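# Analysis of the macromolecular model
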Amino acid sequence: MQKEKKAIYPSCSRTNTLSLTYSEVAIENYLCKINDEYVGIEMNNIYTELLKEEEWSDHFLSLNNEFEKKMIITVVFAGMALEAFFNNYAAACLGDDEFYDSFDKLSVINKFELIVKFIIKTDIDKSKAYYYYLKILQKDRNGFVHSKSKAFVPPENTAFTNQIEYEANDSQKIESNFFETLKEELDTAENAIKALKSISLFFEEYDLNYSRLFLSLHTPYDNDEKSLKKKELLKKLDLYEEV
């Protein structure tokens, strides 16, 4: 049964609250921001350009490098934003000493569960988007932050001289796998943004004081030209709702 919405987060001043800054870094790398203006959905644009390339030229490799960097930044900073938000929320409600001494080492998922169960005092529906995308984000973020290399095992029936020599069918297979990986990376970044959005909406549903803490991605509320452009792009990403 859903609890009545009430003011939960206490009225207090806090320092080093970086969740909004981290979320902005994530969204600005997912959207194309040039000269302080949002001009397009950057990762989708780069992905489209890569699909048009007919050969693995220097331009192609440069695009791919840019695509991968933006994907990693989006995921890592989205994860940082949510952990910073959970830390701040729980510490403000439970007290700094209580939270940081007893619960600081919990995983991001466990910190969210702590807040929901003992501070908001409601149940987590693990079938909902907020839990699904948070779990994916935790896994993806940890994969990048705690990256582990592996030994390279050459493909079977592949000759190695000064360079790898592939048969035509091997080359086609590798190209197909490469673009499948690109699509997976695009989905990974999109899932990170959806985690921000869904967690944002969860807290907005339960806490009247929420808007003071962690501005949700369906802001800004301003009507200047730059803000309107950002709203237009966020609508394309299904991240904007009128409030």
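Residues numbered from 1 in each chain as written. Predicted model: local features only at pLDDT ≥ 70, side-chain atom pairs only at ≥ 80, totals over all residues. Heavy atoms only, no water.

Secondary structure assignment for the chain yields eight helices and four strands. Along the chain, from the amino end to the carboxyl end, the secondary structure elements read α-β-β-α-α-α-α-α-β-β-α-α. Counting over 243 residues, the chain shows a buried share of 41%. Pairs at least 24 apart in sequence give 69% of the contacts found in the chain among residues at least 6 apart. As displayed, the chain offers around 14600 Å² of accessible surface, 47% of which is attributable to carbon and sulfur atoms. (Helix = DSSP H or I, 4+ residues; strand = E, 2+ residues; numbered from the N terminus. Buried < 20%, exposed > 50% of the residue type's maximum accessible area, 1.4 Å probe, protein only. Contact = heavy atoms within 4.5 Å. Areas by Shrake-Rupley, 256 points an atom, 1.4 Å probe, with all protein chains shown as cover.)

We now examine unusual backbone geometry. Phi is positive for Asn 16, which is not a glycine, with a value near 60°. Within the secondary structure, Asn 16 is located in the segment before helix H1 (19-30). Residue class for Asn 16 comes out exposed when judged on its relative accessible area of 68%.

The biggest cluster of nonpolar side chains holds 43 residues, and the ones touching the most others in it are Phe 86, Tyr 89, Phe 112 and Phe 203. Counting only elements with at least two residues in this core, the list comes to H1, helix H3 (58-94), helix H5 (108-120), helix H6 (129-145) and helix H7 (168-206). Sort the elements by how many residues they give to this core and H3 lands first, with 12 residues. Ile 46, Tyr 47, Leu 50 and Phe 60 belong to the second largest nonpolar core, which has 10 residues in total. (Core = buried A, V, L, I, M, F, W, Y, C linked by side-chain atoms within 4.5 Å.)

Further remarks concern the packing of aromatic side chains. Taken as a whole, this structure holds 17 aromatic pairs when the rule is applied. Ring centres 5.0 Å apart and planes at 75° place the aromatic pair Tyr 132 and Tyr 133 in the edge-to-face group. Each member of the aromatic cluster is reached from another via a ring pair, and the members are Tyr 9, Phe 85, Phe 86, Tyr 89, Phe 112, Tyr 130, Phe 202, Phe 203 and Tyr 206. (Phe/Tyr/Trp six-rings, centres within 6.5 Å; stacked < 30°, edge-to-face > 60°.)

Between its terminal C-alpha atoms H6 stretches 24 Å, which fits the 24 Å expected from 17 residues at 1.5 Å a residue. Along H6, the residues that are buried comprise Tyr 130, Tyr 131, Tyr 133, Leu 134, Leu 137, Gln 138, Asp 140 and Arg 141. (Expected span 1.5 Å × (residues − 1).)

Looking now at the pattern of salt bridges. Taken as a whole, this structure holds seven salt bridges when the rule is applied. Note that Glu 66 is salt-bridged to Lys 70, the shortest N-O span being 3.9 Å. In this pair, Glu 66 and Lys 70 are both assigned in helix H3, four residues apart and thus about one turn of the helix distant. When its relative accessible area of 31% is taken as the criterion, Glu 66 is described as partly exposed. Lys 183 is the partner of Asp 187 in a salt bridge, and the nearest nitrogen-oxygen pair spans 2.7 Å. With Asp 187 and Lys 183 both in helix H7 and four residues apart, this pair spans about one turn of that helix. When its relative accessible area of 27% is taken as the criterion, Asp 187 is described as partly exposed. Because the salt bridges share partners, they merge into one network encompassing Glu 66, Lys 69 and Lys 70. (Salt bridge = Lys/Arg side-chain N within 4 Å of Asp/Glu carboxyl O.)

Below, the discussion takes up H3. Here H3 is 37 residues long and its end C-alpha atoms lie 53 Å apart, about the 54 Å a rise of 1.5 Å per residue gives. Note on H3: the residue one or two positions beyond its end, Gly 95, has a positive phi of about 105°.

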